[in-house]
Amino acid sequence: MTEGSNERLNQQLFLKQVPDGIAGPDDFEVREAEVPAPGEGQVLVESHYFGLDAALRLIVRDSDEFLFRVKPGDLVRGTAAGKVIESNHPDYQVGDYVLASSGVQSYSVCEGAELEPCDVSQAPLEDWLGGFGVSGLTAYFAIFDECKPQPGQTVLVNGAAGAVGNMAGQFCKLAGARVIGLTGSNEKCDWLVNELGFDVAINYRDEDWYEQLEKAAPDRLDVIFDNVGGDILNASLKLIGMRGVVLLCGSTSQYVADEMRGPDNYIWLGTMRARMQGFVVFDYADQYAAARKRMSTWIADGSIKLPNYYHEGGVEAFPLAFQELYEGRNLGKMLLKLPAAD
Ligand SMILES: NC(=O)c1ccc[n+]([C@@H]2O[C@H](COP(=O)([O-])OP(=O)(O)OC[C@H]3O[C@@H](n4cnc5c(N)ncnc54)[C@H](OP(=O)(O)O)[C@@H]3O)[C@@H](O)[C@H]2O)c1
């Protein structure tokens, strides 16, 4: 069965060079190819949205140390939320909405194993890349299964206005904790407090941000949910509380650094009998459906919001959207919305 048109070209994004600093348009190139035809057992997906993930900056480094490396000349890794427009697979029909993890391109031929169905009656398609997708699930399992904040405890979320951080803060509020967010602008601080219910938000670009944090957490921090690493994590560690948890969700500042640095202030973990813990959401893959079911009820009763920040354009707009992610433009999930989504 077929829908859509094959006379259109497939725009594909390739890495041109290993980026120096924040990755941007000069580091990528777009090539055009014919829209491929699906073979036996395959489907053709039309991309509607891409999620922009900070971790892309990690995997385009000149290093084989990290999984999923993308080298110059490779198609850029990425997951599209899109629509099946041709299907030779018994489980997928034309018109189905799916996540397709087949790289940054406007059309892709996928095997069944590369697809995840999206029930858009549960959440709009784009949210399957953001708050209802890996970003929200990361926050969900990291908070409820690892950090487990208790009512009245104080949680610091670093990178609080991003895709994972804003959801982590909202889940901590549901758990009854007091939430402090650190982010990079006053506009984002206002948004975290007034729109998402954070108790306090601090702009880490203020010279006295650490003093503001000390004042906001007079009894120290029970949980540090860290998305950024570097100087912010290092300074935060001095305020970890007795038997506190430091959850290492991500290290956005280090992905772009020439030389990655660990925190000097780890000594506070010993003094405070605290623990620092790694976390990877994929360990919870068999529980995603149950988490989404629970999240659906919170979305329906208004307990949580799934904020998105849209950059519109074709595949060629992906590099600029990625640069803007690192410049901190996004409130919530940074998404590239392709013309096919309209
Ligand atoms: N462990 C897991 O399973 C898992 C899963 C998904 C994502 N992650 C990680 O979680 C982290 C957050 O991901 P996300 O998708 O939510 O990204 P994001 O927070 O939506 O976007 C990145 C944000 O980081 C901030 N930022 C950029 N450069 C920075 C720097 N040098 N220092 C401090 N902040 C900087 C910017 O906001 P400001 O304006 O606040 O600076 C920007 O908006 C990433 O490190 C990602 O790799 C981990």
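Conventions we followed
Residues numbered from 1 in each chain as written. Predicted model: local features only at pLDDT ≥ 70, side-chain atom pairs only at ≥ 80, totals over all residues. Heavy atoms only, no water. Helix = DSSP H or I, 4+ residues; strand = E, 2+ residues; numbered from the N terminus. Buried < 20%, exposed > 50% of the residue type's maximum accessible area, 1.4 Å probe, protein only. Axes fitted to C-alpha atoms, helices over the stretch in contact; angles between N-to-C directions. Parallel < 35°, antiparallel > 145°, perpendicular 65-115°, else oblique. Left-handed = near helix turned anticlockwise from the far one by under 90°. Contact = heavy atoms within 4.5 Å. Pairing = 2+ DSSP bridges. Domains from an automatic or database assignment. Buried area = accessible area lost by both parts, 1.4 Å probe. Salt bridge = Lys/Arg side-chain N within 4 Å of Asp/Glu carboxyl O. Polar contact = N/O pair within 3.5 Å; in protein donor to acceptor, adjacent residues only side chain to side chain. Near = heavy atom within 4 Å. Areas by Shrake-Rupley, 256 points an atom, 1.4 Å probe, with all protein chains shown as cover. Nonpolar A, V, L, I, M, F, W, Y, C, P; charged D, E, K, R; others polar. Core = buried A, V, L, I, M, F, W, Y, C linked by side-chain atoms within 4.5 Å.

## Observations regarding unusual backbone geometry
Its identity as a non-glycine residue notwithstanding, F68 has a phi of 65°, on the positive side. Turning to its location among the elements, F68 is positioned in the loop between α1 (56-59) and β4 (80-87). Residue F68 is classed as partly exposed on the basis of its relative accessible area, which comes to 47%. Residues other than glycine seldom take positive phi values, yet K148 does so here, at roughly 45°. Counting through the fold element by element, K148 comes out in the loop between α2 (134-147) and β8 (154-158).

## Brief notes about the packing of α2 against helix α3 (residues 163-174)
Orientation of α2 relative to α3, taken along the N-to-C sense of each, is 40°, at an axis distance of 8 Å. Considering the angle they form, α2 stands oblique to α3. In the packing of α2 onto α3, the handedness of the crossing is right-handed. Contacts between α2 and α3 pair S135, G136, T138, A139, Y140, I143 and F144 from the former with A163, V164, M167, A168, F171 and C172 from the latter.

## Describing the pairing of β4
Most of β4 is tucked away: eight of the eight residues are buried. By the bridge criterion, seven bridges tie strand β3 (residues 42-51) to β4 in an arrangement that is antiparallel. If you follow E46 over to β4, its bridge partner there is K83. Pairing of β4 with strand β5 (residues 97-100) involves four bridges; the strand directions are antiparallel. Pairing of A80 across the sheet is with A100, part of β5.

## Concerning the domain arrangement of the chain
How big an interface is tends to be stated in terms of accessible area lost as the parts join. Looking at the assigned domains, one finds that the chain contains domain 1 (9-130 + 307-341) and domain 2 (134-282). Contacts between the two partners involve 18 residues from domain 1 and, on the opposite side, 18 residues from domain 2. Contact between domain 1 and domain 2 buries roughly 1,400 Å² in total, counting both sides, with carbon and sulfur atoms accounting for 59%. On the domain 1 side of the interface with domain 2, the three residues burying the most area are R61, P307 and L331, jointly 36% of the side's total. Where domain 1 meets domain 2, there are zero salt bridges. Linking domain 1 with domain 2 are ten residue pairs in polar contact (both at pLDDT 80 or more).

## So, the site of the ligand
In the vicinity of the ligand lie 24 residues, with V164, T183, K188, Y204 and N330 positioned nearest. Within the side chain of T183, one N or O atom sits 2.8 Å away from an oxygen atom of the ligand. When the ligand sits alone it has 920 Å² of accessible area, and the protein chains cover 88% of it. Within the residue set of the shell around the ligand, elements represented by two or more residues are α3, α7 (252-255) and α10 (318-326). Counting residues per element, the shell around the ligand draws most heavily on α7, which supplies three residues. Along the lines of polarity and charge, the residues of the shell around the ligand split into twelve nonpolar, eleven polar and one charged. Residue contributions to the shell around the ligand reach at least three from each of two domains, namely domain 1 (9-130 + 307-341) and domain 2 (134-282).

## Looking at the nonpolar core
Counting residues in each nonpolar core, the largest one holds 47 residues, and the members touching the most others are F141, F171, L192, F225 and M295. Of all the secondary-structure elements, those providing two or more residues to this core are α2, β8, α3, α4 (186-194), β11 (221-226) and α9 (288-300). The element best represented in this core is α2, accounting for seven residues. Two domains share this core, each providing at least three of its residues, namely domain 1 (9-130 + 307-341) and domain 2 (134-282). Excluding anything up to four places from it in sequence, L192 contacts A160, A161, T183, G197, F198 and A201. One finds A23, L58, V76 and M334 within the second-largest nonpolar core, a separate group that totals 26 residues.

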